[in-house]
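Chains, contacts and geometry: an overview
This is what each chain is made of:
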Amino acid sequence: MTACRQVQVIEPIATKAVIRVELSPALAGWSERLGACGARLETSALNVETLPISQLSLDASDLILRLGEKTGDEPYLRSPGSVSVQFLQHPGNPLQQLSLQELTTILSGETTHWDDVGAEGMDSAGEGLPIQLVSLGADDDLTAWLRTAFLRGSELGVKTMVAGSAESLRKIVADTPGSFCLLPSQEFPGAGKALAVVDANGNEITLAIPVLAITAGQPEQDLRQLLLCLQESGID
């Protein structure tokens, strides 16, 4: 008598599609948000890569997330939120705030020393303390935003030091008298000293940069759901 064989039917494992996301370094703080939104997608998984802004490309990705203002050249763009930013300065600088005009003349290079804007600080040579901006370089969207927002796209004239990472940027500012930098507010160190920007009436201005979500066409299905999820809590 032939024994009955039990045949096990194995259901094929569904393979998830991959949504390729490229992220600018200034949006590193959105990685956790991306992960949470990606976990809600039913049929897709995210592959997230952080790249300098000059290397962001829709040829290698489905979605680009970066900071900046709309230029009109993007294939398809929406803004799922914004990122608040603050200036961090060396703790020894007695200055508490800058006017918009003062900040503009500093970034353009017209103003070169802190005592020209009311900060009395002397370096070892006995001269006024020079102003130094610390950034992640020209290939960083925070630096690009400074040019767009305050200099109408012109190059920065302020003396600049380039840091290799956000962590080293904060350390350079903490260790270098006369230095300052721009950071997302969520990355602002607790021990850091803020430098406020005020309007003509002395009221502090909240600085915020739009988050740009760029795709090659109208987002559909899971890519659309991902953008909607990001938009639900899109202000830092």
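So, here's what we can say about the structure. (Residues numbered from 1 in each chain as written. Predicted model: local features only at pLDDT ≥ 70, side-chain atom pairs only at ≥ 80, totals over all residues. Heavy atoms only, no water.)

Comments concerning the pairing of strand β4 (residues 76–89)
Two strands pair when backbone bridges link them, and β4 and strand β10 (residues 207–215) are joined in this way by eight bridges, in the antiparallel orientation. Bridging across to β10, L77 finds its partner in I214. Looking at chain direction, β4 and strand β8 (residues 179–184) are connected through five bridges and run antiparallel. Note that in β8 the partner of F87 across the bridge is L182. (Pairing = 2+ DSSP bridges. Helix = DSSP H or I, 4+ residues; strand = E, 2+ residues; numbered from the N terminus.)

Things to note about the packing of helix α2 (residues 100–108) against helix α3 (residues 141–151)
Closest axis-to-axis distance for the α2/α3 pair is 10 Å, and the angle between their directions is 125 degrees. Considered as vectors, α2 and α3 are oriented oblique to each other. Regarding α2 and α3, the two cross each other, and that crossing is left-handed. Contacts from L100, L103, T104, L107 and S108 in α2 reach L146, F150 and L151 in α3. For the contact of α2 with α3, the residue count by class is six nonpolar, two polar and no charged. (Axes fitted to C-alpha atoms, helices over the stretch in contact; angles between N-to-C directions. Parallel < 35°, antiparallel > 145°, perpendicular 65-115°, else oblique. Left-handed = near helix turned anticlockwise from the far one by under 90°. Contact = heavy atoms within 4.5 Å. Nonpolar A, V, L, I, M, F, W, Y, C, P; charged D, E, K, R; others polar.)

Regarding the packing of helix α1 (residues 31–39) against helix α5 (residues 221–232)
Viewed as axis vectors pointing N to C, α1 and α5 meet at an angle of 130 degrees, and their least axial separation amounts to 9 Å. The pairing of α1 with α5 is recorded here as oblique in orientation. Here α1 and α5 pass one another in a crossing that is right-handed. Facing R33, L34, C37 and G38 of α1, the residues of α5 in contact are L226, C229 and L230. Partitioned by chemical class, the residues of the contact of α1 with α5 number five nonpolar, one polar and one charged.

Notes on the side chain of T215
Here T215 lies in strand β10. From its side chain, T215 meets the backbone oxygen of G217 in a polar contact 2.7 Å long. Beyond its immediate stretch of four places on either side in the chain, T215 contacts L58, D62, L63, P75, Y76 and L223. (Polar contact = N/O pair within 3.5 Å; in protein donor to acceptor, adjacent residues only side chain to side chain.)

Description of unusual backbone geometry
With a phi angle near 55 degrees, R152 is a residue other than glycine that sits in the positive phi range. Mapped onto the elements, R152 comes out in the loop between α3 and β7 (160–162). Located in the positive-phi region is Q221, a residue other than glycine, with phi close to 50 degrees. For Q221, a relative accessible area of 68% puts it in the exposed group. (Buried < 20%, exposed > 50% of the residue type's maximum accessible area, 1.4 Å probe, protein only.)

Topic: the pattern of salt bridges
Oppositely charged side chains may form a pair once their charged atoms are brought near each other. By the definition in use, this model includes three salt bridges. In this structure, the salt-bridge partner of R40 is E232, at a minimum N-O distance of 3.5 Å. Taken together, the residues R40 in the loop between α1 and β2 (44–50) and E232 in helix α5 connect sequence positions 192 residues apart. Both residues of the pair, R40 and E232, belong to the exposed class. Between K171 and D175 there is a salt bridge, with its nearest N and O atoms 2.7 Å apart. (Salt bridge = Lys/Arg side-chain N within 4 Å of Asp/Glu carboxyl O.)

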